[in-house]
Amino acid sequence: MKARAFSYSRPATIAEALTAFAETGGDASYIAGGQSLVPALALRLQAPERLIDIAHIPELRGISLEDGSLRLGALTRHVEAHDDPLIARCAPLLAFAAPHVAHPAIRNRGTLGGSVALADPASEFPAMMLAMDAEMEIAGPEGTRRVPASAFFQDLYQTAIEPGELLVAFHIPAAHPKHRCAFDELARRRGDYAMVGCGAMLALEGALVGEARIAFLSVGPVPVRARAAEAVLAGGALDGEAIRRAQAALADDLDPQDDEQVPAAMRLHLARVLLGRLLGRIAEAS
Ligand SMILES: Cc1cc2nc3c(=O)[nH]c(=O)nc-3n(C[C@H](O)[C@H](O)[C@H](O)COP(=O)(O)OP(=O)(O)OC[C@H]3O[C@@H](n4cnc5c(N)ncnc54)[C@H](O)[C@@H]3O)c2cc1C
């Protein structure tokens, strides 16, 4: 199958992109890396009249640190999430997750903005944005606003981005040296979408856990914060007993449903296994 014939525009600014979208009356798609959109066009899952190529808008680029907040332009590519030293220091969960996203050719073109705007529940970066308490900067005809990750992911492939709006950048509280991070996922084959994935970020105060942040992917229609497990860990030692209690608490955090690939009970089991591994890794390294 081939994509529907479409018109193409290549704006140089956010304002031009928003205008180009409005001109079509909404029958348009922004394209960034094209790694999800192009297959969707080829399969006619999407058939917009116009493609608006945002890949050449300088305002959507850049990796910088200001007042303890890491700003990542929406066009930051997956490969940069893995290779950039500032990201490795300030947002290590992105760097740890990146090698699990697809394959090198896709990571060379795919953008963080495209991944998070798409909000596939099996995607790594959306869940890590949730774990890091990132804020999404969104531009629209009415101006610019910021939405916390906790309010951004609303339902399956649905986010706080309204039709025609652009995801501009991510603002991420920079990790501190006391933070210990780990990411892993369980997939049938390397490069496949995960059956379950998890990122954990713990602030260690001596032998005690200060704050714990844990987020899962592939456990429901949106990425999920494991608040009950986080509460179990906060304020205590990271020992075997605490890890077992955090694993048990996932029954309150996660509500996976049966699907063709993985029964719900197995997914919860896998999530517990994964969390135990990550916390064990952090404990060993501390
Ligand atoms: C074979 C294969 C395997 C893959 N495996 C994985 C995987 O394991 N894990 C994973 O997470 N992903 C995976 N992906 C998806 C890949 O990571 C995509 O690159 C990513 O999801 C989208 O990024 P993009 O820049 O290519 O976005 P595009 O394909 O250009 O766009 C995706 C969607 O986001 C919208 N969009 C893009 N940028 C913006 C913006 N700034 N503001 C508003 N809307 C925007 C587009 O309109 C479109 O609807 C895989 C893809 C393929 C083809």
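Now for a look at the structure at hand. (Residues numbered from 1 in each chain as written. Predicted model: local features only at pLDDT ≥ 70, side-chain atom pairs only at ≥ 80, totals over all residues. Heavy atoms only, no water.)

1. Regarding the state of the cysteines
Condition: The disulfide definition used here is simple: a pair of cysteine sulfur atoms within 2.5 Å. Buried, partly exposed and exposed residues are distinguished by accessible area as a fraction of the type maximum, computed with a 1.4 Å probe on protein chains only: under 20%, between the cut-offs, and over 50%, respectively.
One pass over the structure, following the stated rule, counts 0 disulfides. C181 takes part in no disulfide bond, and the closest cysteine sulfur, belonging to C90, lies 11 Å away. Between C198, a free cysteine, and C181, which holds the nearest cysteine sulfur, the sulfur-to-sulfur gap is 11 Å. Using a relative accessible area of 0% as the deciding quantity, one classes C198 as buried.

2. Notes on unusual backbone geometry
To be explicit about the condition: Runs of E in the DSSP output that reach at least two residues are strands. Runs of H or I that reach at least four are helices, and both are numbered from the N terminus.
A positive phi angle, close to 50°, is found at D67, a residue other than glycine. Position of D67 relative to the elements: it lies in the loop between β4 (63-66) and β5 (69-73). On the basis of relative accessible area, D67 is assigned to the exposed category, the value being 79%. Unlike most non-glycine residues, S218 shows phi in positive territory, near 65°.

3. With respect to the packing of aromatic side chains
Spelled out, the test is: Only Phe, Tyr and Trp rings are paired, with Trp represented by its six-membered ring, and only when their centres lie within 6.5 Å; those with planes under 30 degrees apart are stacked, over 60 edge-to-face, the remainder tilted.
Using the criterion set out here, one finds 2 aromatic pairs in the structure. Pairing F21 with Y30 gives two aromatic rings, centres 5.4 Å apart and planes at 35°, and the pair type is tilted. Per residue, the accessibility class of F21 equals that of Y30, and both read buried. On the numbers, 4.9 Å between centres and 85° between planes, the contact of F152 with F153 is edge-to-face. In this structure, F152 and F153 share a single accessibility class: buried.

4. Some thoughts on the pairing of strand β3 (residues 50-53)
The cut-off we apply is this: The criterion for strand pairing is that DSSP finds at least two bridges linking the strands in question. A right-handed crossover is one whose linking path, passing over the helix from the first strand to the second, runs clockwise when the strands point away from the viewer.
Neither face of β3 is left uncovered, since the one carrying R50 and I52 and the one carrying L51 and D53 both have all their residues buried. Judged from the 3 bridges that link them, strand β1 (residues 7-9) and β3 form a sheet pairing that is parallel. In the sheet register, Y8 faces β3, and the bridge partner there is L51. As paired strands, strand β2 (residues 28-31) and β3 are joined by 4 bridges and run parallel to one another. In the sheet register, I31 faces β3, and the bridge partner there is D53. With helix α2 (residues 37-42) bridging β2 and the parallel β3, this β-α-β connection has right-handed handedness.

Shape descriptors only; they carry no functional weight alone.
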